[in-house]
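Architecture at a glance
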Amino acid sequence: MKLTELLQQDRLTLSFEVFPPRAGTNFESVKAATEKIAALSPAFVSVTYGAGGGVSPYTLQTAAHLKDTYNVPTLAHLTCVSSTHETVAQQIADMKSCGIENVVALRGDLTPALEASDRSAWPYHHAVELVRELKQAGGFCIGGACYPEVHPESANSREDIAYLKEKVDAGCDFLTTQMFFDNTRLYSFLYRIREAGITVPVVPGIMPITNANQVKRAVRLSGAFVPHRFLSLIDKFGTNPAAMKQAGIAYATEQIIDLYANGIQNIHIYSMNKPDIAEKLMDNLSDILH
């Protein structure tokens, strides 16, 4: 199923992001975690790609396996930073051969080595270039990323939204947001992009913070504002792992309920391959989901 069809349904849906096995990880334990999340029958499962333009050999394998075994729609990530046109063309061909219909086009994070390198001759500099290639290839429902609190490399909100509109006009069918912890930031962002003429569906991305160490990393990656209420939660429960986990899931649950109460029906969870957290969120929302 193409996600544009799913995103038109008039009900609350939850989807989850998983990552495939990486070099040096326990393949079977990672595979089992992704399978447990897919077995919860989420709206869809997104499968991440390699960092810094690196190709994960298991991204498409994982996406195809979850789709075929658990009958759950899958969304494969594809990044282009430091890639060649030939590499991207092969990945597109492989996605088609695996029956992958949904793909999210990303530039990819810049590693320190990539940031220090000469990028002038790179085939790809921005995700919009990848979006255009996917659109030309045909047959895909194309997703893109957006930042409710401004992309870290953008000078300001106006510039960021202009680049986002260029990406949507190039062929993005929907957008998924970076994580955020204050829903009012999302509502403001939605108002501004609608004013700018961006009308595709926007799926908010929520990350349940279940241990205090996650906070610094999450803020570094996303630049997200952390409200005082959430900081108080960390101060109170951060040294008690079980309590912090419960509190973090409760905070994410409240975010989701507020989003749904304000008319947002499709929500994506950055689950970090933790089936127990995914299951608890679905349990907390069981009557709302069904």
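Below you will find a few notes about this structure. (Residues numbered from 1 in each chain as written. Predicted model: local features only at pLDDT ≥ 70, side-chain atom pairs only at ≥ 80, totals over all residues. Heavy atoms only, no water.)

**Looking at the overall build of the chain**
For the record, the criterion: Secondary structure elements are defined from DSSP: runs of H or I of at least 4 residues count as helices, runs of E of at least 2 residues count as strands, and each element is numbered from the N terminus. For the radius of gyration, the atom set is restricted to C-alpha positions; the globular benchmark scales as 2.2 Å times the number of residues to the power 0.38. Burial here depends on accessible area, computed with a 1.4 Å probe over protein chains only, as a share of the maximum for the residue type. Under 20% is buried, over 50% is exposed, and the range in between is partly exposed.
Along the chain, the regular secondary structure elements total 13 helices and eight strands. A globule of 290 residues ought to have a C-alpha radius of gyration of about 19 Å, and the chain, at 18 Å, matches this closely. Across its three principal axes, the chain shows a C-alpha extent of roughly 50 × 45 × 40 Å. For the chain, the residues scored as buried account for 51% of the 290 residues in total.

**Concerning the pattern of salt bridges**
Heads up, the condition is: Between Lys or Arg on one side and Asp or Glu on the other, a salt bridge is scored when a side-chain nitrogen of the former is within 4 Å of a carboxyl oxygen of the latter.
Applying the stated criterion to the full structure yields nine salt bridges. We note a salt bridge from Glu-166 to Arg-132, for which the minimum N-O separation is 3.3 Å. A residue pair is termed long-range when its members are at least 10 positions apart, and Glu-166 in helix H7 (residues 157–170) and Arg-132 in helix H6 (residues 127–137) qualify at 34 residues. With a shortest N-O distance of 3.6 Å, Glu-149 and Arg-185 are connected by a salt bridge. In this pair, Glu-149 is assigned in the loop between strand E5 (141–146) and H7 and Arg-185 in helix H8 (residues 183–195), connecting sequence segments 36 residues apart. If you follow the salt bridges from partner to partner, you end up with Glu-149, Asp-182 and Arg-185 in one network.

**Some thoughts on the pairing of strand E6 (residues 174–179)**
Here is the rule: A pair of strands is considered paired only if DSSP assigns at least 2 bridges between the two. When the strands point away from the viewer, a crossover counts as right-handed if the route from the first strand across the helix to the second turns clockwise.
E6 sits mainly inside the fold: six of its six residues count as buried. When E5 meets E6, the two strands line up parallel, connected through four bridges. Looking across to E6, one finds that Ala-145 is bridged to Thr-176. Taken together, E5, H7 and E6 form a β-α-β motif whose crossover is right-handed. Across three bridges, the pairing between E6 and strand E7 (residues 202–206) is parallel. The residue bridging Leu-175 from the neighbouring strand is Val-202, located in E7. Taken together, E6, H8 and E7 constitute a β-α-β crossover, and its handedness is right-handed.

**Comments concerning the side chain of Glu-149**
Threshold: Think of a polar contact as two N or O atoms within 3.5 Å of one another; within protein, one of them needs to be a possible hydrogen donor and the other a possible acceptor, and neighboring residues in sequence only count if both atoms come from side chains. Throughout, a residue-residue contact means that at least one pair of heavy atoms, one from each residue, lies within 4.5 Å.
In this structure Glu-149 comes out as buried when scored by relative accessible area, which is 19%. From its side chain, Glu-149 meets the backbone nitrogen of Phe-225 in a polar contact 2.7 Å long. Among residues more than four places away in sequence, those in contact with Glu-149 are Phe-180, Arg-185, Gly-223, Ala-224 and Phe-225.

**Focus: the nonpolar core**
For clarity, the cut-off: Here, nonpolar core means buried Ala, Val, Leu, Ile, Met, Phe, Trp, Tyr and Cys residues that are tied together by side-chain atoms lying within 4.5 Å of each other.
Met-95, Leu-134 and Ile-267 are the most contacted members of the largest nonpolar core, which has 58 residues in total. For Met-95, the residues in contact, after removing those within four places along its chain, are Leu-60, Ala-76, Leu-78, Ile-100, Val-103, Leu-134 and Phe-140. Residues Leu-233, Ile-234, Tyr-251 and Tyr-270 belong to the second largest nonpolar core, which totals 15 residues.

**What about the packing of aromatic side chains?**
So the rule is basically this: Between 30 and 60 degrees the pair is tilted, below 30 it is stacked and above 60 it is edge-to-face, where a pair is any two Phe, Tyr or Trp rings, Trp via its six-membered ring, whose centres lie within 6.5 Å.
Applying the stated rule across the entire model yields three aromatic pairs. Ring geometry for Phe-27 versus Tyr-58: centroids 5.0 Å apart, planes at 65°, classification edge-to-face. You can see Phe-27 sitting in helix H2 (residues 27–38) and its partner Tyr-58 sitting in the loop between strand E2 (45–47) and helix H3 (59–70), a full 31 residues away along the chain. Overall, the relative accessible area of 27% leaves Tyr-58 in the partly exposed class.

**Some points on the packing of H2 against H3**
Applicable threshold: The convention used is that axes are lines fitted to C-alpha atoms, helices contributing only their stretch in contact, and that angles between N-to-C directions extend from 0 to 180 degrees. Should an angle fall under 35 degrees it is taken as roughly parallel, and over 145 as roughly antiparallel, whereas 65 to 115 is taken as roughly perpendicular and any remaining angle as oblique. Left-handed describes a crossing whose near helix is turned anticlockwise from the far helix through less than a right angle; right-handed describes the clockwise counterpart. In this classification, the charged set is Asp, Glu, Lys and Arg, the nonpolar set is Ala, Val, Leu, Ile, Met, Phe, Trp, Tyr, Cys and Pro, and all remaining amino acids, among them Gly, are polar.
Between H2 and H3, the shortest axis-to-axis distance is 10 Å and the interhelical angle comes to 45°. Classified by the interaxial angle, the pair formed by H2 and H3 is oblique. Judged by the twist between their axes, the crossing of H2 over H3 is right-handed. Contacts from Phe-27, Lys-31, Thr-34, Glu-35 and Ala-38 of H2 reach H3 at Gln-61, Thr-62, His-65, Leu-66 and Tyr-70. Considered class by class, the residues forming the contact of H2 with H3 number four nonpolar, four polar and two charged.

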